[in-house]
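For reference, the chains in residue letters:
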Amino acid sequence: MKDLVVFGGLSHPELLTAVCNRLGIPEGKTKLCKFSNNETSVEIQESVREQDVYIIQSGCGTVNDNLFQLLIMINACKVASAKRITAVLPHFPYSRQPDIPYQPSSGAPLPKLPPATPRGGLASGQVTPNTSSTEDVSKQLMKQLTKVSLQEKQVDQDGKPAYRQWLARSGTLVADLLTCAGVDHIITMEMHDPQFQGYFDCPVDNLVSLPLMIKYIRHEIPNYQDYVIVSPDAGGAKRATSIAEKLRMDFALVHKERRRSSSSSSKKRDLMLVGDVRGRDICIVDDIVDTSYTITRAARILRENGARKIYVLVCHAILSGDAVRNIEDSCIDQLIVSNTIPQNDHLQNSTKIKVYDVAPIFSEAIRRTHFGESVSMLFDPQFEII
C-alpha cells in the first residue's frame, strides 16, 4: 500500500507482525530502548514525511512506560512531518478511570418532584381530588432524603465533619496527552467506560468485539444453540443480550444484590441468579477480566444452580496477580480471550485459556481508514472477516 507506515511499540510486537502480514507491508523501522537512567529513547529509522502513520501500542504490562513511549513516538512522527498519525490501542490504558464514574443503572437527581398522577384519573367535568395524600408522599420522600444525607455526613472525634477523600481520575489527562503529542485519530477496542471517547478532540473509533465473539461461538463451540449466554454483572447485560438475540440463545444474569446486614448498618453484596441454568451449558460473556474475582464468583453461583460446562468469553484479559491460579482452581472449564494483550505467559501457566485473534479486525480498520472507506460494517455482527 502506498504512503502507509505501521509502527509498533514494545507492548505487543506479535500483534504488529500479524497486522503487517495481513496488510502485506513491512513493519516500520524503529529503535526503542531506555537510557541508563530509565528514560525512554525513541528513534524513527525511516522517513515518514507526508505518510499515513499508524502506531500500535497496547495498554498492558508496564502501562506507564508503554504510554509514555507511545507519546514520544507520536511526537517524533509529528515533528518528522507525517501527514496523519493514528494511534492504535487494542486495550486503551486508564480506560477504567474516567473523570465521571459510569453507572448505567443510576440517574441524575431531580431538581424537584414531578407532578403526581391522581389515582383513577379524571373524567371530563370532574373536580380535582384533594392533593393532601400527594403532599404527604412528598413530605415523606423529603424526610427520607434528609435522613440519608445526615447519615452520609460522618463526624470525627473532634466534632468536625470528616474529610471526604478525593479520588483523582485521569481520563481527561490521558486524552489531552495524546492530543497534545500530535495524534490525529485513535482506533481502540471495547473501552470499559463508553463515555471515555468523549474526552478527545480527535475522532475515536471504538471497535467492538461482538462480531469476533459471535464468530467464535458459531465455529468453535459445538451445539452452541443449547448454551445459555450469561452476563456476570448488570453492566454487561446489553452485550450478552445482543449476542443471545443474534444467535437465538437463552439468556441469564448474575446480579449483585446489596442487602443491609441485620447485625450492622453496613451493606454486603450477595449474588443472585436471574434465569434458569439447571442442566444447561453456560457461556459467560464480559469485556475485561483483571483479578478474575467477578467471573469466578459468577461461575460458582452457576455451578451451585445446576450448570454443567462453563465457558467464559472475554475481550481483554489482563489477569493480574493470582488471577490465572484462581481460574485454574475455579469452576470455569475454559476461558477464551482475545490477544489485545499478550497471552504467552498466561498460556504457559494455564491449560484452560484459549485465544482468538483480533489482528483481522484491526488490519481491516487500518486499511479502510487509509483509503477513506467507512468502518461502520466492522460494528455489524453479520460481517465476518476471513
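Residues numbered from 1 in each chain as written. Predicted model: local features only at pLDDT ≥ 70, side-chain atom pairs only at ≥ 80, totals over all residues. Heavy atoms only, no water.

Student: Is there a simple way to think about the nonpolar core in this case?
Tutor: The nonpolar side chains of a soluble globular protein tend to be buried with one another. If you look at the biggest cluster of nonpolar residues, it comprises 45 residues, and the most contacted ones within it are Val6, Ile217, Ile229, Ile243, Tyr356, Ile361 and Phe362. When residues in this core are grouped by element, the largest group, six residues, is from helix α5 (residues 210–220). Here Ile229 is in contact with Ile217, Ala240, Ile243, Ala244, Met249, Asp250, Phe251, Ala252, Cys283 and Val285, once residues within four sequence places are set aside. (Core = buried A, V, L, I, M, F, W, Y, C linked by side-chain atoms within 4.5 Å. Buried < 20%, exposed > 50% of the residue type's maximum accessible area, 1.4 Å probe, protein only. Helix = DSSP H or I, 4+ residues; strand = E, 2+ residues; numbered from the N terminus. Contact = heavy atoms within 4.5 Å.)

Student: Looking at this structure, how should I read the packing of aromatic side chains?
Tutor: Note on aromatic pairs: each is described by the distance of the centres and the angle between the planes. Applying the stated criterion to the full structure yields three aromatic pairs. Measuring from ring centre to ring centre gives 5.7 Å for Phe92 and Phe200, while their planes differ by 85 degrees; the resulting arrangement is edge-to-face. On the criterion of sequence distance, the pair formed by Phe92 in the loop between β5 (84–89) and α3 (132–152) and Phe200 in the loop between β6 (185–189) and β7 (204–207) is long-range, its members being 108 residues apart. Judged by centre distance (6.2 Å) and plane angle (45 degrees), the rings of Tyr216 and Tyr356 are tilted. Here Tyr356 lies in strand β14 (residues 353–356) and Tyr216 lies in helix α5, a separation of 140 residues in the sequence. For Tyr216, a relative accessible area of 12% puts it in the buried group. (Phe/Tyr/Trp six-rings, centres within 6.5 Å; stacked < 30°, edge-to-face > 60°.)

Student: So what exactly am I meant to see when it comes to the pattern of salt bridges here?
Tutor: In a structure, side chains of opposite charge can pair up when their charged atoms sit close to one another. Tallied over the full model, the rule gives 12 salt bridges. In this structure, Glu364 and Arg368 form a salt bridge, with 2.8 Å as the shortest nitrogen-oxygen distance. You can see Glu364 and its partner Arg368 sitting in helix α10 (residues 359–370), four residues apart, about one turn around the helix. With relative accessibility at 10%, the residue Arg368 sits in the buried group. In this structure, the salt-bridge partner of Arg368 is Glu373, at a minimum N-O distance of 3.5 Å. Taking relative accessible area as the criterion, Glu373 reaches 35% and is therefore assigned partly exposed. Here the residues in one salt-bridge network are Glu364, Arg367, Arg368 and Glu373, joined through shared partners. (Salt bridge = Lys/Arg side-chain N within 4 Å of Asp/Glu carboxyl O.)

Student: Help me understand the side chain of Asp290 in this model?
Tutor: Relative to the helices and strands, Asp290 is located in the loop between β11 (281–289) and α7 (293–304). By relative accessible area, Asp290 is classed as buried at 17%. Within polar-contact distance, the side chain of Asp290 engages the side chain of Ser320 at 2.4 Å. Filtering out sequence-adjacent residues up to four positions away, Asp290 remains in contact with Arg96, Ile318, Leu319, Ser320 and Ala323. (Polar contact = N/O pair within 3.5 Å; in protein donor to acceptor, adjacent residues only side chain to side chain.)

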